[in-house]
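Listed here are the chains, written in short residue letters.
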Amino acid sequence: MRKRRFSQAASAVSNTVMPSFWIERITACARRFAIIGAITTLLLAPLPHLLNAAQAMHEMVVAESEPAARAGLEILQHGGNAIDAAVATSLVLGVTNAGSCGIGGGGFMLIYLAKTRQLYALDYREVAPKAATAAMYLRNGRPDEDLARTGALAIAVPGELAGLDAALRRFGTKKFSEDAAPAIKLAREGFALSPHMAKEVAMTAPAFMADPAFRTVYFTPDGKPQTADATIYNRDLAALIERLGDDPAANFYRGPVAATIAAFVKEHGGIVTADDLASYHPVWRDPIHLTYRNYDVYTMPPPSSGGVVLEILGMLSSGRVAGLGVDSPPYLARLIEVMRQGFIDREQYADPAFVKVPIEELLSAKHIADARDRALHHSSLPPIGAAHDHGTSNFAIVDKDGDVVDVTTTVNTVFGAKLMVPSLGLILNDEMDDFAVAPGVPNAFKLVGEKNNEVAPGKRPLSSMSPVIALENGRPALVDGGSGGPTIISGVTQVTLNVLDFKLRPAAALAAPRIHEQGEPDLVFVEESMPVKTKSELTAMGYRLKVVPELGAVNAIRIKPGILRGAYDQRKGGGAVGD
Ligand code: GLY
């Protein structure tokens, strides 16, 4: 294309009356540009994903929102550390990506501190209210899954602010109000609705149409859902974050804010009370770990599914996959088998305060070897839709001291329970859907729940959120995490393999087409960007494929001495910034 334009330019010049010296010089120059243009096109054409990548020497933030990534970097550049930046990035994500996460939800934070070379895992997952029961979603003896997804009964006690407060008090350097400033400014002065969020607003518009608070924020004055690039204001949310001052946990979970939330929930038929809010506590946990080739891979313990990621990696560690090709059928077939086994084991994962999760055994060499060898025979189930959802968000941060933070945070499905507390601009989660609403009943992600994960008061629902930090020679080499329900597990696993085994840079590792296998339904979800030949060969091997546009979103930063390379996932959009 470029070449033709320069060639035409050259011939146009040669048709005018000019001294031959100039004609020759201009023609030579045009040819040179034509060659450069062609080379540039050739180099860039297969790599459109480079647009979502960043390279830096000192510090970096990648997130599912450009303003959120920029807010984190701004805090780093003004003397904050990775934990401060994580608070700023989380709060901005809750403003710009309120369909995915926010202070009405909860999350997991994995931290590496360079000074002590220690890893920490902070669980600020939502918990079931005290009045919750295992039978709360049964109506006339039959489970009604919608009750766990939409409306006030779907709401679990939010953990986000308690978690951010705990992280900041333990490891941060700034006051909460300083780290919260970018979020307050954006919510008050406006931000551009991203194409991804515009899609989510349009998708949930019917459910929210009657909600006056949501309409004020996300609809035009004549009642249409706002579209991409429209300026959105959530001034009530700005005022709420501002009034949290420097004691966000006390000011959110107790007093007038808690009373307003509890009254709103009660009015809408929910069971979260002021006492539930006052009783919420985040939990510091020991990260879990597996040695994979030359790397020590760390992730969140239960109630996260990080252990499933480690199991899958473990099952692959005995063979070399790198030589097989990232989209080759033999590699993908192996991946499908071990992924299915990992998801079968996922049924043993749950809140460790309520259920003994045999995590040491699940990660033991013997269990992993047995799982690898196990022949898996599933009865076929009728095809059902892909487990596709974007109601979660991930971001990753590296600061100039080498501290690393990896956060996955969520309100569960898009816009959570589809309820906004009007005077607070607060979207409330529907995290109760991550419990098994009744044994054998699939949740919004088609995950079939078991007794381990049944509802109980004060219990945390099992999560797929699996932030990962991989160390090489004791230093962070890769930080990655994702969003998209169970496709977090498959996406994080594949991106980790793409970087550690296939040696791809983050942008290419994220861009590579992905698969997802979760045992039930007995289907392999495959992104449509997977080469046709690969899809045909997998089908010929006997796999039932379901081709879907995309599977979740993953962020990654590769850390090498003196250089950081990061990228956000173009499946969802975001920002990757550093210096
Ligand atoms: N709510 C999504 C997850 O925690 O897996």
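Residues numbered from 1 in each chain as written. Predicted model: local features only at pLDDT ≥ 70, side-chain atom pairs only at ≥ 80, totals over all residues. Heavy atoms only, no water.

A. A look at the overall build of the protein chain. Of regular secondary structure, the protein chain possesses 19 helices and 23 strands. For the protein chain, buried positions account for 59% of its 579 residues. Nonlocal contacts in the protein chain, meaning residues at least 24 apart in sequence, comprise 72% of its contacts between residues at least 6 apart. Working note: accessible area of the protein chain is about 22,300 Å², and carbon and sulfur atoms make up 56% of it. (Helix = DSSP H or I, 4+ residues; strand = E, 2+ residues; numbered from the N terminus. Buried < 20%, exposed > 50% of the residue type's maximum accessible area, 1.4 Å probe, protein only. Contact = heavy atoms within 4.5 Å. Areas by Shrake-Rupley, 256 points an atom, 1.4 Å probe, with all protein chains shown as cover.)

B. The arrangement of the site of the ligand in detail. Looking at the ligand, the residues that line it are Arg-125, Thr-392, Thr-410, Asn-412, Glu-431, Asp-434, Ser-463, Ser-464 and Met-465. At a separation of 2.7 Å, a nitrogen atom of the ligand approaches a polar side-chain atom of Asp-434. Within the side chain of Ser-463, an N or O atom sits 2.6 Å from an oxygen atom of the ligand. For the ligand, the accessible surface in isolation is 200 Å², of which the surrounding protein chains cover 99%. Tallied by class, the residues present in the shell around the ligand amount to one nonpolar, five polar and three charged. (Near = heavy atom within 4 Å. Polar contact = N/O pair within 3.5 Å; in protein donor to acceptor, adjacent residues only side chain to side chain. Nonpolar A, V, L, I, M, F, W, Y, C, P; charged D, E, K, R; others polar.)

C. Looking closely at the pairing of strand β13 (residues 404-410). Within β13, seven of the seven residues are buried, which leaves the element mostly enclosed by the surrounding structure. Of the two faces of β13, the one holding Val-404, Asp-406, Thr-408 and Thr-410 and the one holding Val-405, Val-407 and Thr-409 are both buried throughout. Pairing analysis gives seven bridges linking strand β3 (residues 106-113) to β13, with the strands arranged antiparallel. Bridge pairing in β13 places Leu-110 opposite Asp-406. Across seven bridges, strand β12 (residues 392-398) lies against β13 in antiparallel orientation. The residue bridging Ile-397 from the neighbouring strand is Val-405, located in β13. Here β12 hands over to β13 after five residues, with Gly-402 in that stretch at a positive phi of 90°. (Pairing = 2+ DSSP bridges.)

D. Quick peek at the side chain of Glu-517. Mapped onto the elements, Glu-517 comes out in the loop between β18 (515-516) and β19 (524-527). A polar atom in the side chain of Glu-517 sits 2.7 Å from the backbone nitrogen of Gly-519.

These values are about where atoms sit, not about what they do.
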